[in-house]
Amino acid sequence: MTTGNLAFRNARQYMKSYSEESDVIQRHNEAMDCRNWEDVIHMAIDAFEWTLRADQSYRVSIYQGEEEDIAIEREIEGLFYRWMEVSARLEPHIQRQIEGGFKLDRLAEYRRCVTEIVAIVKSLREGDDQTLPDVLIQYRDAAIQEFHNGETTEFF
Amino acid sequence: MAKLPSSFRETNRTSRNFRDQYAKLPEQVRRAVRDSAKLFHKNPAHRSLRRHALTDNKRGQHQGGSFSVTPTAQYRAIYVVVDGINVWYWIGTHAEYDTFTGG
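Please read these numbers as outputs of a predicted model, since none were measured by experiment.

**Student:** Quick one: what's the story with the overall build of chain B, residue by residue and with numbers?
**Tutor:** What chain B contains, in helices and strands, is four helices and five strands. Shown N-terminal to C-terminal, the secondary structure of chain B runs as helices and strands in the order α-β-α-α-β-β-β-β-α. The globule rule puts the C-alpha radius of gyration for 103 residues at 13 Å, and the 14 Å found for chain B is close to it. Across its three principal axes, chain B shows a C-alpha extent of roughly 45 × 30 × 30 Å. Here the contacts in chain B between residues at least 6 apart in sequence split such that 39% fall between residues at least 24 apart.

**Student:** Just give me the short version of the pairing of strand S5 (residues 85-93) of chain B, but keep the residues and values in it.
**Tutor:** Residue and element names in this part refer to chain B. Within S5, seven of the nine residues are buried, which leaves the element mostly enclosed by the surrounding structure. Pairing between strand S1 (residues 12-14) and S5: three bridges, direction parallel. Of the residues in S5, the one forming a bridge with Asn-12 is Asn-86. Across eight bridges, the pairing between strand S4 (residues 75-82) and S5 is antiparallel. Bridge pairing in S5 links Val-82 to Ile-85.

**Student:** Which residues make up the interface of chain B and chain A, and what are the values?
**Tutor:** Contact residues are listed per partner, giving 48 residues for chain B and 37 residues for chain A. Looking at the side of chain B that touches chain A, the elements that each hand over two or more residues are helix H1 (6-11), S1, helix H2 (16-23), helix H3 (27-42), strand S2 (52-56), S4, S5 and helix H4 (94-101) of chain B. Among the elements that line the side of chain B that touches chain A, the one with the most residues is H3(B), at eight residues. Along the lines of polarity and charge, the residues of the side of chain B that touches chain A split into 19 nonpolar, 18 polar and 11 charged.

**Student:** Help me get a handle on the confidence of the model for chain B, residues and values and all.
**Tutor:** Within chain B, residue pLDDT values average 90, and 90% of them lie at 70 or more. Here the predicted complex carries an ipTM of 0.91, next to a pTM of 0.89.

**Student:** Explain the confidence of the model for chain A residue by residue, including any values.
**Tutor:** Across chain A, the average pLDDT comes to 89, with 94% of residues at 70 or higher. Within chain A, helix H4 (residues 107-124) of chain A carries the highest mean pLDDT (95), whereas strand S1 (residues 130-131) of chain A carries the lowest (84).

**Student:** Account for the environment of B:Thr101, naming residues and giving values.
**Tutor:** With respect to the element layout, B:Thr101 can be found in helix H4. Residues B:Thr101 and B:Ala73 lie 28 residues apart in sequence; the distance between their C-alpha atoms is 19 Å.

**Student:** Let's hear about the packing of helix H2 (residues 34-63) of chain A against helix H3 (residues 70-99) of chain A: which residues, and what values?
**Tutor:** Residue and element names in this part refer to chain A. Packing of H2 against H3 brings their axes to within 11 Å, and their N-to-C directions diverge by 160°. As summarised for this structure, H2 and H3 are arranged roughly antiparallel, according to the angle between their axes. When you trace H2 past H3, the crossing you get is left-handed. Mapping the contact onto sequence places Cys-34, Trp-37, Val-40, Ala-44, Ala-47, Phe-48, Thr-51, Ala-54, Asp-55 and Tyr-58 in H2 and Ile-72, Ile-76, Leu-79, Phe-80, Trp-83, Ser-87, Leu-90, Ile-94 and Gln-97 in H3. Class assignment of the residues belonging to the contact of H2 with H3 gives a composition of 15 nonpolar, three polar and one charged.

**Student:** Residue-level account of the packing of H3(A) against H4(A), with values.
**Tutor:** All names here are of chain A. Between H3 and H4, the shortest axis-to-axis distance is 10 Å and the interhelical angle comes to 130°. If you check the angle between H3 and H4, you find them oblique. The way H3 lies across H4 gives a crossing that is left-handed. Residues Glu-77, Phe-80, Tyr-81, Trp-83, Met-84 and Ser-87 of H3 touch H4, and the partners they reach there are Val-114, Ile-117, Val-118, Ile-120, Val-121 and Leu-124. Taken together, the residues of the contact of H3 with H4 break down into 10 nonpolar, one polar and one charged.

Calculation rules
- Residues numbered from 1 in each chain as written.
- Chains lettered and ligands numbered in written order.
- Predicted model: local features only at pLDDT ≥ 70, side-chain atom pairs only at ≥ 80, totals over all residues.
- Helix = DSSP H or I, 4+ residues; strand = E, 2+ residues; numbered from the N terminus.
- Rg over C-alpha atoms; globule rule 2.2 N^0.38 Å.
- Contact = placed C-beta atoms within 7 Å.
- Buried ≥ 20, exposed ≤ 12 C-beta atoms within 10 Å, placed from the backbone.
- Pairing = 2+ DSSP bridges.
- Nonpolar A, V, L, I, M, F, W, Y, C, P; charged D, E, K, R; others polar.
- pLDDT = per-residue confidence, 0-100.
- Axes fitted to C-alpha atoms, helices over the stretch in contact; angles between N-to-C directions.
- Parallel < 35°, antiparallel > 145°, perpendicular 65-115°, else oblique.
- Left-handed = near helix turned anticlockwise from the far one by under 90°.

Below is the structure:
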């Protein structure tokens, strides 16, 4: 597994485009058509999807027995952090478009990407000693009961 | 699709909730989960899986036994150890998990 594979090349390229174009569009804020903002949102979604693919591609290689590569892991994490930074800078401008009455195509999808990235980055910082949330305690207890009742099944 | 090793299947079970959630995952995520299961079987503490304990310390109890594993950057799977068997009971995105923690 190398960082030269298709998923990595695309993740890097889309992230670069997303970052650079969002800088340009912010500098020319007033003159920009709302369609430019939509294009940046589309770039963000593409960059997000390709970063996930790069991660999956790397993980599959590990799961198939290849050695871990800290440099690759750092690059993937770096892409997630970078995406979050760019999006945080972009947010006030997107907000202004919405307040100006513009309907931005794929905005809901973009918002889902933001939520996912924030959670991914948070998980990267997660320590060892976590508390099981209440909702999951219910799932756990139900699972234990199913196990004792002989109702669990093999892993797929 | 090839079955996971019998030694893995003997020590890993799934709850109804886990199976329902797993069935709704995108195909490439299901594949990654199955692939990660093979590594988990060989070495549950492998760094890539980012396994860590989840402790139930509500109601004054300290009940251990649950663990979180990360098969892809976006997803986590959770299991509890019962009588030496791993019972997998939840799988979803970190974002879905955060809705439970108020994060």
